[in-house]
Amino acid sequence: MYQTSIKNVSFAYAPGDRLILKDINMEVAEGEFVSILGQSGCGKSTLLRLLAGLETLTSGEIQIGGKPVSGASLDRGIVFQDYGLFPWMTAGENILLALRQRFPKRDKKELRGIALRMLDAVGLEPSVYQKLPKELSGGMKQRCAIARAFGIDPPVLLMDEPFGALDAVTRAKLQDLVLELWSRQEPKKTVFFVTHDVDEALLLSSRIFVLGQSPGSVIFQCSLPADRRPTRDTQFEDPELLQLRNTLIRSINQDVAARIAGRSEQ
Ligand SMILES: Nc1ncnc2c1ncn2[C@@H]1O[C@H](COP(=O)(O)OP(=O)(O)O)[C@@H](O)[C@H]1O
Ligand SMILES: [Mg+2]
């Protein structure tokens with residue numbers, strides 16, 4: 001089982017610098033879809049980078065699948081807001097590069113087949129394989145990044161505001177796509193999804209953590225069982241969900257208000 005265990009994690013970018021994250025604790029079961037909500041600058045990306053193994057903890061421990069996180073690993077796929085595609089490679093080559101690292105023993109033809117299957121799974125034409133990122137729209141680039149992340153099939157997927165740069169319609173389509181890819185797989189991937197959009201978090205997540213700032217720590221958390229999760233049609237109707245939505249917005253705003261008033265330490 002790929003339990004993710006974040007225990008008393010604190011982090012500063014340099015020794016002696018101010019803590020960006022303080023005493024973060026999260027126990028996340030395999031297959032959960034976790035959203036991490038919070039205002040800009042509260043440390044969401046930093047937490048994701050720690051989960052990815054791209055930064056070293058100042059104190060505490062992160063274990064994934066029973067092993068401490070140390071360095072990047074193909075066990076964890078990452079999708080960033082800026083797509084993370086190499087601009088000089090075609091969309092297909094970008095996906096192939098990741099697949100080759102993940103499946104070093106398979107031949108190129110087989111990997112090309114997987115890449116084309118993944119493009120299809122994210123709703124892209126096979127012709128996209130030959131296109132450079134600059135020839136694709138933002139939504140298409142993010143579909144390629146999602147195809148790559150699901151193609152290497154990691155048990156844990158880290159997504160950092162993946163739809164932050166997209167228009168509302170494209171964003172909604174890609175939210176549905178990720179939810180569909182995630183829910184039809186068994187065992188499910190554990191997803192850590194960073195966003196500052198409360199409605200996005202409510203639509204996608206089985207767990208939500210709100211981070212407060214200076215230093216970042218968990219100020220609110222909740223679970224959303226699958227049968228309570230809103231759909232795009234019901235998201236503004238269910239009174240209980242609306243109450244939860246208000247609570248989430250309020251906890252983020254209270255944190256902001258406290259900082260504006262200068263009550264929280266810097
Ligand atoms: N490489 C870095 N070196 C030093 N400070 C950083 C670095 N990256 C981010 N920070 C600081 O850490 C804090 C949290 O940043 P970040 O994790 O990017 O927040 P978020 O993703 O929630 O907007 C910010 O104050 C930011 O300025
Ligand atoms: Mg960020």
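Since this is a predicted model, take the numbers as computed values, not measurements.

### Here's the deal with the site of ligand 1
All residues in the neighbourhood of ligand 1 are listed as Tyr 13, Arg 18, Ile 20, Gln 39, Ser 40, Gly 41, Cys 42, Gly 43, Lys 44, Ser 45 and Thr 46. In the model, a nitrogen atom of ligand 1 is placed 3.3 Å from a nitrogen or oxygen of the Tyr 13 side chain. Surface burial for ligand 1 is 59%, taken as the share of its 560 Å² of free accessible area covered by protein chains. Considered class by class, the residues forming the shell around ligand 1 number 3 nonpolar, 6 polar and 2 charged.

### A few points about the pattern of salt bridges
Inspection of the entire model under this criterion finds 11 salt bridges. A salt bridge links Glu 32 to Arg 207, with the nearest nitrogen and oxygen atoms 3.0 Å apart. Taken together, the residues Glu 32 in the loop between strand S2 (21–28) and strand S3 (33–37) and Arg 207 in strand S9 (residues 207–212) connect sequence positions 175 residues apart. Each of Arg 171, Asp 197 and Glu 200 takes part in one network of salt bridges that share partners.

### A word on the confidence of the model for the protein
Per-residue pLDDT for the protein has a mean of 91; in total, 98% of the residues score no lower than 70. When mean pLDDT is taken per element in the protein, S3 scores highest with 97 and helix H7 (residues 239–260) scores lowest with 86.

### Description of the environment of Asp 160
Along the chain, Asp 160 falls in strand S7 (residues 156–160). In this structure Asp 160 comes out as buried when scored by relative accessible area, which is 11%. Asp 160 sits 81 residues away from Val 79 along the chain, and the two C-alpha atoms are 6.3 Å apart. What Asp 160 contacts, discounting residues up to four positions off in sequence, is Ser 45, Leu 48, Val 79, Phe 80, Gln 81 and Val 194. A distance of 2.7 Å separates polar atoms of two side chains, one belonging to Asp 160 and the other to Ser 45.

Rules used throughout
Residues numbered from 1 in each chain as written. Chains lettered and ligands numbered in written order. Predicted model: local features only at pLDDT ≥ 70, side-chain atom pairs only at ≥ 80, totals over all residues. Heavy atoms only, no water. Near = heavy atom within 4 Å. Polar contact = N/O pair within 3.5 Å; in protein donor to acceptor, adjacent residues only side chain to side chain. Areas by Shrake-Rupley, 256 points an atom, 1.4 Å probe, with all protein chains shown as cover. Nonpolar A, V, L, I, M, F, W, Y, C, P; charged D, E, K, R; others polar. Salt bridge = Lys/Arg side-chain N within 4 Å of Asp/Glu carboxyl O. Helix = DSSP H or I, 4+ residues; strand = E, 2+ residues; numbered from the N terminus. pLDDT = per-residue confidence, 0-100. Buried < 20%, exposed > 50% of the residue type's maximum accessible area, 1.4 Å probe, protein only. Contact = heavy atoms within 4.5 Å.

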